Amino acid sequence: MSLSMYDASVPVFTRALEILARLLEKGEAHAAAAGQAPADMLEARLAPDMYPLTRQIQAACDAAKFGSARPAGVAPPSDPDTETSFAELQARIRKTLDFIGAIDRAAYDEAATRPVTVKTGQSEMKFTGRDYLLGFAVPNFFFHVVTAYDILRHKGVQIGKRDYLGLS
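What you see is a predicted model, and the numbers here were worked out from it, not measured in a lab.

1. A word on the layout of surface pockets
Take a probe with the size of a water molecule and roll it over the atoms, and the empty space left behind shows itself.
In step 1: Considering only enclosed or pocket space, the largest pocket measures out at about 220 Å³ in volume.
In step 2: Listing elements by their share of the lining of the largest pocket, those giving two or more residues are helix H3 (53–72), strand S1 (115–120) and helix H5 (129–154).

Here it is, written out as structure tokens:
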């Protein structure tokens, strides 16, 4: 049995978003226990030219949403990036999970060869669904997930590899 486009996308994004939600919970608990303002954690970044934690979560959700929708030929919802609290980021993750979980598995039947075009500023990148998912969407998604993890670690949250892998 071969790996389907559905299996390479929706379950992968779902599991990692659920783990990301747990990492955020630990970040919120750490901030509260340390007497830290939530904004100190949410606005933290690893380098001045990198997105803060809030935007990393938004970008991970967008990558999962687009990475699931585009190969399936489904229009994703538009989500303004207005979250400013842990609760709002958790709601964004839940909304993304609900959306990708509702995509019909049958929509992926032709996903590997379906044309996908991604607009980036003034240019366009063209892919097959397979190349988009495996060469762009999944790596982009995990870049933002791991960067969110790294920001939380940098801010002193007691998480490790087992947390990132969802084993604790």
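2. Re the side chain of His 144
In step 1: Mapping His 144 onto the fold places it in helix H5.
In step 2: Since its relative accessible area comes to 8%, His 144 is described here as buried.
In step 3: When neighbours within four sequence positions are excluded, His 144 is seen to be in contact with Tyr 51, Gln 56, Ala 59 and Ala 60.

3. Details of the packing of aromatic side chains
In step 1: Enumeration according to the criterion identifies seven aromatic pairs in this entry.
In step 2: Ring geometry for Tyr 6 versus Tyr 108: centroids 5.4 Å apart, planes at 80 degrees, classification edge-to-face. Placement of the pair is Tyr 6 in the segment before helix H1 (10–33) and Tyr 108 in the loop between helix H4 (86–101) and S1, with a sequence separation of 102 residues.
In step 3: For Tyr 6, a relative accessible area of 16% translates into the label buried.
In step 4: A relative accessible area of 6% means that Tyr 108 is categorised as buried.
In step 5: Between Tyr 149 and Tyr 164 the ring centres are 5.5 Å apart and the planes differ by 65 degrees, which places this aromatic pair in the edge-to-face class. Residue Tyr 149 is located in helix H5, and its partner Tyr 164 is located in helix H6 (residues 161–164); the two are separated by 15 residues in the primary sequence.
In step 6: Using a relative accessible area of 10% as the deciding quantity, one classes Tyr 149 as buried.

Quick notes on the rules
Every residue gets a number counted from 1 within its own chain, in the order that chain's sequence is written. Selection of residues for local features in this predicted model requires a pLDDT of at least 70, selection of side-chain atom pairs for listing and counting requires 80 or more, and totals for whole chains, interfaces and linings are taken over all residues. The basis for the side-chain values is all heavy atoms of the structure; hydrogens and waters are excluded. In this analysis, the protein atoms alone were mapped onto a 1 Å grid. Cavities are point sets where a 1.4 Å probe fits without being able to get out; pockets are open sets with protein on both sides within 12 Å along at least five of seven lines; lining residues have an atom within 4 Å of a point. Grid points are joined across faces, edges and corners, and a volume is the space filled by probe spheres set on the points. Helix and strand definitions follow DSSP, with helices as H or I runs of at least four residues and strands as E runs of at least two, each counted in order from the N terminus. When accessible area is computed with a 1.4 Å probe and restricted to protein chains, residues below 20% of their type maximum are described as buried, those above 50% as exposed, and intermediate ones as partly exposed. By definition, residues are in contact when any of their heavy atoms lie within 4.5 Å. Between rings of Phe, Tyr and Trp, where Trp is taken as its six-membered ring, a pair exists when centres lie within 6.5 Å; planes separated by under 30 degrees are stacked, by over 60 edge-to-face, and by other angles tilted.

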